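Descriptive analysis of the structure
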Amino acid sequence: MLKLPPYLSLVCILVGAIWLVLLPLDNYSRRTYISENALLPGQVHTYFGGSEHNIFRAYRRELDTLVNESNYDINNHLEAILSTAGIKVGRQNYTYNSAGKTYNGENVYGILQAPRGDATEAIVLVAAWSSVNETFNGNGVALAITLARYFKRWSLWSKDIIILIPPDSRTGTQAWVDAYHDAHDSNNVASLPLKSGALQGAIAIDYAMDQRFDGIHIIYDGTNGQLPNLDLINSIVNIGGGQMGMQTAIQGMQHHNDSYRDRLMTMLRGMLKQGLGICAGPHSSFIPYHVDAVTLQPYGEGWHDEMAMGRVIEGTFRSLNNLLEHLHQSFFFYLLMQRDRFVSIGTYLPSAMLLAANFTIMAIFLWVKSGQPAAQVQMPVVATFEKPAPAKPTFSKTPGIPPAINSTERDLSLPLGIVAGCHAASVIPLFVLSNVPARFLPGSLAMFCIFSAVLPLIISYLLPVCFTQRTQHFQLTKSLSLLVLGMALATLATLNFSLAFLVGMLASPLTFITPCKNTISKYFVVALLSAVAPPVVVYPATHLAGSSVAEFLQQASFGWNVWAVYTPVVIWCIWWPAWLVAMTNVLSGTSDDAEIFTTEKK
């Protein structure tokens, strides 16, 4: 039975990969549906339009005159506009520091109190002054102000409506949401002067284009791979596509023909963004607080104008206004293949669990092997011409009882020290790449690549000098390392499936690493491991994402310091130590190997 675990681990890796690519098929995915009946999306007539278009254009002209003004002057003007519409206005200052840069600004927001509510629930409409692509979000801000004035005239609202206008899409929303839930650092983020009830949902407008559009791109990825309730996305698709007659798209797939290739591409794009865990828009800051939120972004050239966008938001707010309780019936863990097709967690989770199980199976296998004596090293080293007597089998004298199996004591001190030391060393890249100034980040990563390549050589050279290494030490070191990796990925798969799957696939070669007696094979394995080293993988990953290394590292540092993204912890404190242990094991020789070589030579 001890011959089966390596093959079983290989089967787990293959089945896990094949499982994922089968998900876009009709037999494994299903069509979306509305679970919360109270939403009633697309069941009401929207009235936004007509004379509101003139008001929108007037606001847009006012905002165009403020493009070159400071954040403080812009907020003075916005505060006057909201106050004139009869909305209570509050302002908030904040300051963040990341990668040697300071991000400061001031949020302005207004609360429209519901005529039929008691200020216990609220819906948020977000329109950042700077869009996701860091351009002037003129139409988005003008539309938000127009909608605020329009909503004020209606008496049907049972929930307060909050209009939030942060200076950018990255920091302002995060500061406001943290302060709203009293989870902010008072030294950097000011408290909110005005508050409403529990937030039930949020819609962000990212409308920087000046032309008519063809459809709406729904951005739903949250920080750390968290997702909004699927009913919110389904409601917007129902309202935009069914009631307004406009296209809706996800993950940048604007021309989706419902083929297997497009489904797979949509799923993989979503997994990549979920695995990175960074903020995708102003909505991402709400999701960690269990506030379902999305960002709506027009795309293409068509015949829909700002009023059509406003009617989609009005219909969505009317649906959220119908809720009697927080969205909870639909899915929070899912993979979208198309705007109306998804895979639930019960279907896709086994693929990541199989990858994690592969490491655990090999860890248990190596633990069992480490307790068995090395039979091949029992021959005497002194040369002899006498034929050794055959060993006599030992049988149990008591009938019905199997013969005793010889076992050896496990020496855990050295393996535990190596694994603990490698995990302790992981604090170095986590600290350096999260705190050095932005201009030094590319150089720091290059230096760490060199350090990561030299460190296994140093460890493998010092170990034989300081300790007598045995095959058992290699087995225990690899067993403990794979055990930690398997447990971490199995736990992570329930929180961030995409990150666990991607790390599991890239780390799968670590399962089959063994000491090499042949120099050629040893350095071939070293080259293979170097290709999948975490600091090396960053370079092709940024190229595939269409970004630069400097921008990627700066965003990762910003995510760690501002958004509390734990992806760097997974990469540097879980994956990199396991890689370091594997590389050290490959380069290290054991005294058992030397004895075997000496015996064979004599």
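The protein chain is annotated in an unreviewed UniProt entry as GPI transamidase component from Metarhizium anisopliae BRIP 53293.

**A closer look at the sheet that holds strand 7 (residues 213-219)**
One open sheet accounts for 8 strands, arranged 2-3-5-4-6-9-7-8; its pairing is mixed. The two strands at the open ends of the sheet, each matched to only one other strand, are strand 2 (88-98) and strand 8 (247-250). Sheet twist, expressed as the mean angle between neighbouring strand axes with direction ignored, is 25°. Pairing of strand 6 (residues 198-205) with strand 9 (residues 293-304), which is carried by 4 bridges, proceeds in the parallel orientation. Residue pairing across strands places I203 opposite V294, the latter belonging to strand 9.

**Considering the UniProt feature "transmembrane region" (unreviewed entry) in the protein chain**
What UniProt calls "transmembrane region" (unreviewed entry) maps, in this numbering, to residues 6-25, 345-368, 412-433, 445-463, 483-511, 523-542 and 562-582. Here residues 412-433 is 91% helix and 0% strand, with 33 Å between the C-alpha atoms at its ends. Annotated as residues 483-511, this span is 72% helix and 0% strand, and its ends, taken at the C-alpha atoms, are 11 Å apart.

**A few points about the domain arrangement of the protein chain**
Looking at the protein chain, the domain boundaries give domain 1 (3-20 + 350-372 + 411-592) and domain 2 (33-339). Between domain 1 and domain 2, the C-alpha centre-to-centre distance is 39 Å. Each partner contributes residues to the interface: domain 1 has 25 residues there, and domain 2 has 23 residues. Regarding the contact of domain 1 and domain 2, the summed buried area is about 2,100 Å², with carbon and sulfur atoms giving 60% of it. At the boundary of domain 1 and domain 2, one finds 0 salt bridges. Linking domain 1 to domain 2 there are 13 residue pairs in polar contact (both at pLDDT 80 or more). Within the residue set of the side of domain 1 that touches domain 2, elements represented by two or more residues are helix 14 (497-506) and helix 17 (549-563). For the side of domain 1 that touches domain 2, the element with the most residues is helix 17, which contributes 8 residues. Its residues assigned to classes, the side of domain 1 that touches domain 2 comprises 17 nonpolar, 8 polar and no charged.

**Details of the packing of helix 2 (residues 52-64) against helix 4 (residues 138-152)**
Interaxial distance between helix 2 and helix 4 falls to 9 Å at its minimum, and their mutual angle equals 130°. By the angle between their axes, helix 2 is oblique relative to helix 4. Where helix 2 crosses over helix 4, the two elements pack in a sense that is right-handed. On helix 4, the residues touching E52, I55, F56, Y59, R60 and L63 of helix 2 are G138, N139, V141, A142, L143, I145, T146, R149 and Y150. Partitioned by chemical class, the residues of the contact of helix 2 with helix 4 number 9 nonpolar, 3 polar and 3 charged.

The rules behind these values
- Residues numbered from 1 in each chain as written.
- Predicted model: local features only at pLDDT ≥ 70, side-chain atom pairs only at ≥ 80, totals over all residues.
- Heavy atoms only, no water.
- Pairing = 2+ DSSP bridges.
- Helix = DSSP H or I, 4+ residues; strand = E, 2+ residues; numbered from the N terminus.
- Axes fitted to C-alpha atoms, helices over the stretch in contact; angles between N-to-C directions.
- UniProt positions renumbered as here; feature names shortened; annotations may be inferred.
- Domains from an automatic or database assignment.
- Contact = heavy atoms within 4.5 Å.
- Buried area = accessible area lost by both parts, 1.4 Å probe.
- Salt bridge = Lys/Arg side-chain N within 4 Å of Asp/Glu carboxyl O.
- Polar contact = N/O pair within 3.5 Å; in protein donor to acceptor, adjacent residues only side chain to side chain.
- Nonpolar A, V, L, I, M, F, W, Y, C, P; charged D, E, K, R; others polar.
- Parallel < 35°, antiparallel > 145°, perpendicular 65-115°, else oblique.
- Left-handed = near helix turned anticlockwise from the far one by under 90°.

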